[in-house]
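A structural walkthrough
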Amino acid sequence: MIKRVLPLLLGLSLCSVAFAQDLPAAAQSTTTTTQTTTISTWTSQPPTGALSEEAIKAAIANAGYKEVKGLKFKDGVWRSKARGGNKQWAELAVGPVSGKVYVSGAPSKLNEDEVKAKLAAAGYENVHDVEYEHGLWSAEARTRGSADVELLVDPDDGSVVAKSHD
């Protein structure tokens, strides 16, 4: 019996060596993963017709806030922290043209569907990714000219506070 099993074992070991070799490059399977990153093109400067930094500070003071810290133009609006009448610090966003102050965490008068409807009425198409954060609604949409835009929307009336081309 050993005489019959020995050639079989020898043959199997030779086959396993042959199969253990690397496959030719053409026969190898490869998997490619693609990662997509969206780059926002918010300008680092306020738009034409925007209020000055001093006017923005005055708007914050008129809204009842003091001790403004870290005021800078970022993502289409002025952003800062300020101490309110209750002596608590609040994160603020201020519309660059209107000077309206938006408080992070304040409730919105509009819901997501109402914001979508307001943007559609203003001529925006394919409105999606609508979220309420930092006192403003954000949304992505397309203009009638087929340009993709990112929008910041007023939580009280649905007007566009800031717009950036994607």
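**Re the overall build of the protein**
When helices and strands are counted, the protein shows 3 helices and 8 strands. Residues counted as buried form 28% of the 166 residues belonging to the protein. Considering only intrachain contacts with a sequence separation of at least 6, the fraction spanning at least 24 residues in the protein is 40%.

**Re the packing of aromatic side chains**
On inspection of all chains with the given rule, the structure shows 2 aromatic pairs. Centroid distance Phe73 to Trp78: 5.7 Å. Interplanar angle 75 degrees. Geometry classified as edge-to-face. With 5.1 Å between their ring centres and 50 degrees between their planes, Tyr132 and Trp137 make a pair best called tilted. With a relative accessible area of 28%, Tyr132 lands in the partly exposed category.

**A look at the sheet that holds strand β7 (residues 148–153)**
Pairing is antiparallel in the open sheet, where 4 strands are placed in the order β5-β6-β7-β8. Looking along the sheet, the strands with just one partner apiece sit at the ends: β5 (125–133) and β8 (160–165). If you compare each strand with its neighbour and ignore which way they point, the axes differ by 20 degrees on average. Both β7 and β8 contribute to a ladder of 5 bridges, which runs antiparallel.

**Looking at the pattern of salt bridges**
Applying the stated rule across the entire model yields 7 salt bridges. Note that Glu112 and Lys116 form a salt bridge whose closest N and O atoms lie 3.5 Å from each other. In this pair, Glu112 and Lys116 both sit in helix α3 (residues 112–121), 4 residues apart, roughly one turn of the helix. Residue Asp148 is joined to Arg142 by a salt bridge in which the shortest nitrogen-to-oxygen separation is 2.9 Å. Salt bridges sharing partners connect three or more residues here, namely Glu53, Glu54 and Lys57.

What counts, and where the lines are drawn
Residues numbered from 1 in each chain as written. Predicted model: local features only at pLDDT ≥ 70, side-chain atom pairs only at ≥ 80, totals over all residues. Heavy atoms only, no water. Helix = DSSP H or I, 4+ residues; strand = E, 2+ residues; numbered from the N terminus. Buried < 20%, exposed > 50% of the residue type's maximum accessible area, 1.4 Å probe, protein only. Contact = heavy atoms within 4.5 Å. Phe/Tyr/Trp six-rings, centres within 6.5 Å; stacked < 30°, edge-to-face > 60°. Pairing = 2+ DSSP bridges. Axes fitted to C-alpha atoms, helices over the stretch in contact; angles between N-to-C directions. Salt bridge = Lys/Arg side-chain N within 4 Å of Asp/Glu carboxyl O.

Read these as geometric descriptors, not functional statements.
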